[in-house]
Every structure is written in structure tokens, then in C-alpha cells.
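Here are the chains, one letter per residue:
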Amino acid sequence: MDGLKEKFEKFQDALTIVKNEMLDFLINKRASVHIYTHLDADGLSAGAILGKALFREKIPFQITILKQLQRESISKISKNVKSFNKFLIFTDFGSGQYLEFQNELILKENFNSFIVLDHHLPQNISNKEEINQLENIHKKTYQWHVNPYFYGIDGSLEISGAGLSYSFVKVLNEINVDLSSIAIIGAIGDIQNKGSNKSFFGINSLILEDAKKVGLIDIKNDLNFSSIKPLNEAIAYSKEINLPGLTGDVNRSLIFLKTLGILMENSNGNIKTLNELNNEEKQKISSAIIEYSSVKLDIEPSRIIEKLIINRYLLKNEEEGSELYDAAEFSNLLNACGRLNSGSLGIAIAMGDRKKSYQKSHEILLNYKKTLLKSLTWLYDNNKIQQKEYIQYFFAEDVIPETMVGTIASMLVFDNNERFDKSKPIFGLVRVEDENNYKVSARAHEKIVNKGVNLSQAIRDACDESNLDVLGGGHPPAAGTKIPLDKVDIFLENCDTTIRKQLYGK
Ligand code: C5P
Ligand code: ZN
């Protein structure tokens, strides 16, 4: 955390500049704000934070949720931009398209009344060590573009889109400190609590301090299993804790719990959730799992504890035991809303609606879980994952929705399952509605990323090799792009070659 305070101050100065620019425009022109945000949990949290803060300032606003900020989206916006009296805010995307903003909005339309608040690496930058290039982009775009990488802050770990929006609304008005909990929900959505026991780094930890200070979040040590599923299911289907003998087996997990002398049925005759157990019972389970792993599986206790015991971020104003009480479950709910075309519902919930939107979201969450299960079963039962020498890939056909291909690819690679070969990256492809394109979502496991696989670079190289002038990028373990239907074979072939080169140098 070297120099965190200094970095943060510079970053806040940058936010103050763009905030003043926005206020000048709004006051002079009596204009409204149009927020564009991403449909995942982080994007929806970012949109909700901005919306709530503008509402408090009595500034009229509207929010548009996009699957991706594509070239065509920017062209469309630029065509209409002059006729509206609006200030635009792009959040949780925009850095990966900064050249398009420069060309389409500033150069072509002479339109400067917009800002980008994004935490992704900027266009054509594949790694945070490219300091000179980052500095160059910073110099060219600082009037409208705030990105943590410009200040030596790692946007993949230390701050999310929601955190960035939160930092922005905090320089707008200190009263917005109560939106800190939504920023934490967003950061969890982007899996930024990657420290030991799921702790946060950098600016995220400062945001968490804010949330604790104003009494919104309590941190509790807990077992790393879903707190709202029957515990035997939570253990059997844990994505992170692998316990051969129990993993995948609901019955044996239940027997394991019962042999500890814990009464596992609640008064309704259902199996208890983690939430329904007391500390003593949790302590028993924790000791038993540590013993099980160290004796039966020969794993060092310290390694198990790091995964088994986590910080749970509890939202003190929410009803205990509800989906919104645990920030991780809240984030999951937002993600489900976004992926099932109900992002605005997610934003309403994050902005505080606990009535209509919240009621409706239960159905969406259920639907989301069903769709995930159906998609995975379909992939496996029909052998839909195809192999090349260095990559594997699948087509979503009409089974996996466009918005969920990335999630499915992530589940294959990052979740705890033995059926999937994690030594090769996976590319999921889905036809984009009303377009002659495939959307591509690629994911790679940490163990091959550590050996040199960088999917963001691989996708860009493969596009170049295939003569495709398309936007693409992301991070080393997760990246995406869009390619014309008739280029798919050559694209995949070039991905295969590129990954081979990344791993073996030739
Ligand atoms: O869409 P998907 O979830 O597969 O995207 C994975 C990562 O790649 C995300 O971080 C996304 O922002 C990035 N991406 C990108 N440019 C694209 C598509 C995806 O930078 N055209
Ligand atoms: Zn994000």
C-alpha cells in the first residue's frame, strides 16, 4: 500500500476536475445527465450510486444499461448528441474505447460534455506496467477521462467501477458517504476482494472503512459457504472449497455434518443454512473440515484456513438472512438482474427500492440459477466443448443467452469442478441478435496465466492476424471481442497459434 494516500489524493483531484466541469455545464445549460453503464453487478452498482447522488442534488438524470460499449453504440450516441441538452457519464466502461470517444465525439462532433469513469485498462494497453503509454493517454484525455491506472492504482484489484463512481459522488457531496456499501457490493461483483480471507486492497479498503465508519457494514468471520443454501448443498456445491468425498455429494455432506452432533433440521423440517447455525456449531464444522482436509487430503491447515474462513460483509440496514444482508449475495442478485435483461430492476434495488423491484427480483434470481444449470448440463451432456491443441471452445447455439456466455465460461474455468480441462483457455461464442457477428468470451485459469497466457493480448493478436479491425481486450484471465460470423474459423485458428506462442515462445 505504498503511497496509497498520495495516489488517492491525486486521484481525487482528477475527479474534482471532471466534477467541476460537469457542474459548470449543468448550471450554464440547465441540462440533464445521461448515465451509460455496464450490465454486470459492478456496472449496476456504479449506475445506482451516480443516480442516487444526482437525485440528491435534484439533477434530472436517466440511465442506459449496455451489454458492452461497442463502436456502434458510440457512433449512435454521437449522431444524436448535439440535439440533446445532456451531459454524459460513462461508467464501468469507456477506457477500452477512449479512441472512439476522441474520434467520434470530440473530433467529429466537437462535443466535450461527457466524462468516462472506468477502471479497465485503456484501449491498446494490455498491462499496467506500460507506464509511458498510460501516461500518454492520461495527458491526452485527462479533461474527460478518469482511470485508476493513471495514478498507479490497479483497476483490477484496488477499485471497481462502483468504487470509482462512489469516489466521484463523494467529491460532489460528502453526504454520499452512505453509498460506500454499494461500492463494496460492486467491487465484490468484480471479485476484487482477493486478499486472504476475502479482504480488500487499496482504495477498496478505504471505501470499506467509510462504510464501517457510518455503520453500514459489519465484517464477520464466517465459513466460506453460501449462507442461504441448505448447508449440505452449500458444501457439496461450493465453488471454492474442494473436499473430495464431500464435494458434489449432498448426502455424504449431510452425514458428515450430522456425525458432528449438530442438529441439522430446522423447525420446518428443512436442512439448516449457515445463517441458522450458532457460533459454537460453526466452530465445530470448521475444526472438522480442517481435520478432514489435513488428515484425509494431506493439506496444510494454514492453506485450508485461508480459503475456509472468510470475511463476510454484512449490510446492517438489511433484513438479517435476506439475499441483501450479505454483500456477496446482494451482488449476485444484481448480476442475475443484469444478465436476464432486468438491469433497471437491479439499479432500483441498489438505489433502495425494497418493494416492487425487490419482490420481482426473486423470480429473476431463480430463473438465473435455472438457466446456469441448464446451460452447463447441456454443454456436458452433448459434448459441446470442442478441442484444438492449445485452446478449447464452444458455441452457445440457442441454449445459452448472449449475456451469460461469459458467466458460463467463467464457471467452467474458475469454479471447483473436475470435469473441465483447466490447462487450456476456453472461448465461448454466441451469435449476437440482429447482427452477423459472434460475441467471444475467453477465460483462462490462473495456473496457465502464471505460465504466460494473456487472453487480452491473445485476442488482439488473433484479430490482427485475422485482419479484423474490431475492439477487443480485457485482462489476462478474462477477455472478449466480437467477430464476423464468416471469420470464426480463422479467428479460432489464430487464437490457437497465439496461445501456443504465449506458452512456448514459437
Ligand atoms: O464479455 P466478457 O465478460 O467475456 O468480457 C471479459 C472481459 O473482456 C471484460 O473485462 C470486458 O470488459 C473485456 N472486453 C473488452 N472488449 C470487448 C469485450 C470484452 O475489453 N470487446
Ligand atoms: Zn467493473
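Right above here is the structure, for reference.
These lines cover the structure that appears in this document, whether it is placed above or below. In this text the structure is predicted, and so the values were computed from the model without any measurement.

Let us now look at helix α11 (residues 279–296). Spanning 18 residues, α11 covers 25 Å between terminal C-alpha atoms, matching the ideal 26 Å at 1.5 Å per step. Listed in full, the buried residues belonging to α11 are E281, K282, I285, S286, A288, I289, I290, Y292 and S293. With a side-chain oxygen positioned 3.2 Å from the backbone nitrogen of E280, the residue opening α11 is N278. Positive backbone phi, approximately 60°, marks D298, located one or two places after α11.

The geometry of helix α7 (residues 180–189) relative to helix α8 (residues 202–213) is characterised by a closest axis approach of 8 Å and an angle of 140° between their N-to-C directions. Considered as vectors, α7 and α8 are oriented oblique to each other. Like other packed secondary-structure pairs, α7 and α8 cross with a definite hand, here left-handed. Each of S180, S181, A183, I184 and A187 in α7 lies in contact with α8, whose residues at this interface are N204, I207, L208, D210 and A211.

With that settled, the discussion passes to the sheet that holds strand β4 (residues 114–117). Spatially, β2-β1-β3-β4-β5 is the arrangement adopted by the five strands of the open sheet, whose pairing is parallel. Among the strands making up the open sheet, the edge pair consists of β2 (61–66) and β5 (145–146). By the bridge criterion, four bridges tie strand β3 (residues 86–91) to β4 in an arrangement that is parallel. In the sheet register, F90 faces β4, and the bridge partner there is V116. Most of the contacts of helix α2 (residues 41–56) go to strand β1 (residues 32–38), to which it runs at about 165°, and overall it touches β1, β2, β3 and β4. Of the strands in this sheet, β3, β4 and β5 are in contact with helix α6 (residues 161–172), which crosses β4 at around 130°.

Further remarks concern the coordination of the zinc ion (ligand 2). Only D42 (OD), D92 (OD), H119 (NE2) and D190 (OD) from the protein coordinate the zinc ion (ligand 2), and they sit 2.1 to 2.3 Å from it. Coordination at the zinc ion (ligand 2) comes from four donor atoms whose angles at the metal span 83 to 172°, giving a geometry best classed as irregular. Summarised as a motif, the one-chain spacing of the donors to the zinc ion (ligand 2) is D-x49-D-x26-H-x70-D. Of the two residues, D92 sits in the loop between β3 and α4 (98–108) while D190 sits in the loop between α7 and α8, which places them 98 residues apart along the sequence. Classification of D92 as buried rests on a relative accessible area of 1%.

With that settled, the discussion passes to the environment of A31. Among the secondary structure elements, A31 is positioned in the loop between α1 (4–29) and β1. Separated by 390 residues in the primary sequence, A31 and D421 place their C-alpha atoms 53 Å from one another. Apart from the residues lying within four places of it in its own chain, the contact partners of A31 are F25, L26, N85 and K86.

In globular proteins that are soluble, nonpolar side chains generally tend to be buried together. Ranked by internal contacts, the top residues of the largest apolar core, which has 111 residues, are F11, F90, F114, F168, I400 and L412. When residues no more than four places from it in sequence are discounted, the contact partners of F11 are V146, P148, Y151, I153, I159, L164, S167 and I203.

With that settled, consider the site of ligand 1. Around ligand 1 sit 14 residues, and of these Q68, K439, S441, R443 and G473 come closest. In this structure, S441 approaches ligand 1 through a side-chain N or O atom, which is 2.5 Å from an oxygen atom. Measuring from a nitrogen atom of ligand 1, one finds a backbone N or O atom of L471 at 3.4 Å. The protein chains hide 75% of the 460 Å² of surface that ligand 1 would expose on its own. Taken together, the elements giving at least two residues each to the shell around ligand 1 come down to β11 (437–443), β12 (472–474) and β13 (478–484).

All right, on to the side chain of N204 then. Relative to the assigned elements, N204 resides in helix α8. On the basis of relative accessibility, which here comes to 0%, the residue N204 falls in the buried class. Setting aside residues up to four positions removed in sequence, N204 forms contacts with L157, E158, I159, S160, I184, A187 and Q192.

Cut-offs applied
- Residues numbered from 1 in each chain as written.
- Chains lettered and ligands numbered in written order.
- Predicted model: local features only at pLDDT ≥ 70, side-chain atom pairs only at ≥ 80, totals over all residues.
- Heavy atoms only, no water.
- Helix = DSSP H or I, 4+ residues; strand = E, 2+ residues; numbered from the N terminus.
- Expected span 1.5 Å × (residues − 1).
- Buried < 20%, exposed > 50% of the residue type's maximum accessible area, 1.4 Å probe, protein only.
- Polar contact = N/O pair within 3.5 Å; in protein donor to acceptor, adjacent residues only side chain to side chain.
- Axes fitted to C-alpha atoms, helices over the stretch in contact; angles between N-to-C directions.
- Parallel < 35°, antiparallel > 145°, perpendicular 65-115°, else oblique.
- Left-handed = near helix turned anticlockwise from the far one by under 90°.
- Contact = heavy atoms within 4.5 Å.
- Pairing = 2+ DSSP bridges.
- Donors = N, O, S within 2.8 Å, 3.2 Å for Na, K, Ca; no water.
- Tetrahedral: all angles 85-135°; square planar, octahedral: opposite > 155°, others 65-115°.
- Core = buried A, V, L, I, M, F, W, Y, C linked by side-chain atoms within 4.5 Å.
- Near = heavy atom within 4 Å.
- Areas by Shrake-Rupley, 256 points an atom, 1.4 Å probe, with all protein chains shown as cover.

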